[in-house]
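Okay, here's what each chain looks like letter by letter:
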Amino acid sequence: MTYDDMILRGPDEPHQIGTEDGDTCGRYPEPDEDEPRGYKRKPCGGEMRYHKDTSCTCHESNPCRDCMAEPLTCGTCGEEA
């Protein structure tokens, strides 16, 4: 392997973000100008969930129309998928 091949290859495991109900969020927070130089942010550890209300009928047919109308959101950071 040459030096150029080593530099141009991607990471071994791509960073995965949550796109399904129950997945870990994995999104990084927005950059903050007050962070110290070289600060390494950690991905969000929250869980992606649909907002459930009383009109949910997922027990009859999963996923129901009401759940599909609501966006998939992270319970910790509030990001939407």
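For the structure, see preceding data.
Conventions used here
Residues numbered from 1 in each chain as written. Predicted model: local features only at pLDDT ≥ 70, side-chain atom pairs only at ≥ 80, totals over all residues. Heavy atoms only, no water. Helix = DSSP H or I, 4+ residues; strand = E, 2+ residues; numbered from the N terminus. Buried < 20%, exposed > 50% of the residue type's maximum accessible area, 1.4 Å probe, protein only. Contact = heavy atoms within 4.5 Å. Areas by Shrake-Rupley, 256 points an atom, 1.4 Å probe, with all protein chains shown as cover. Polar contact = N/O pair within 3.5 Å; in protein donor to acceptor, adjacent residues only side chain to side chain. Salt bridge = Lys/Arg side-chain N within 4 Å of Asp/Glu carboxyl O. Core = buried A, V, L, I, M, F, W, Y, C linked by side-chain atoms within 4.5 Å.

J.: Before we go on, may I ask you to explain the overall build of the protein in this structure?
T.: A count of helical and extended segments in the protein gives two helices and two strands. Its helices and strands taken in sequence order, the protein reads α-β-α-β from the N to the C terminus. A burial count over the protein gives 16% of its 81 residues as buried. Put simply, 39% of the contacts in the protein that link residues at least 6 apart link residues at least 24 apart. Accessible surface for the protein amounts to roughly 6,900 Å². Of this, 47% is attributable to carbon and sulfur atoms.

J.: Just to check I follow, could you spell out the side chain of Arg 27 for this structure?
T.: Along the chain, Arg 27 turns up in the loop between helix H1 (3–8) and strand S1 (48–50). Within the structure, the side chain of Arg 27 is placed 3.1 Å from the backbone oxygen of Gly 18, a separation counted as a polar contact. Residues contacting Arg 27, with those up to four places away along its chain left out, are Ile 17, Gly 18, Pro 43, Cys 44, Met 48, Glu 79, Glu 80 and Ala 81.

J.: What is the right way to look at the pattern of salt bridges in this model?
T.: Any two side chains of opposite charge can pair, so long as their charged atoms come close to each other. Tallying each qualifying case throughout the model produces three salt bridges. One salt bridge connects Asp 21 with Arg 49, and the closest N-O pair in it is separated by 3.4 Å. Taken together, the positions of Asp 21 in the loop between H1 and S1 and Arg 49 in strand S1 put the pair 28 residues apart, joining distant regions of the chain. With its nearest N and O atoms 2.2 Å apart, the salt bridge here joins Arg 49 to Glu 47. Three or more residues joined by partner-sharing salt bridges are found here, namely Asp 21, Glu 47 and Arg 49.

J.: Sorry if this is basic, but what is going on with the nonpolar core here?
T.: Soluble globular proteins tend to pack their nonpolar side chains together in the buried interior. Listed in full, the five residues of the largest apolar core are Cys 25, Cys 44, Met 48, Leu 72 and Cys 74. With sequence-adjacent residues up to four places away left out, Cys 44 is seen in contact with Thr 24, Cys 25, Gly 26, Arg 27, Cys 74, Thr 76 and Cys 77.

J.: Even after reading the chapter, I still don't get the environment of Glu 35, so can you show me in this structure?
T.: Structurally, the position occupied by Glu 35 is in the loop between H1 and S1. For Glu 35, a relative accessible area of 23% corresponds to the partly exposed category. Side chain to side chain, Glu 35 and Arg 41 meet in a polar contact 3.2 Å long.

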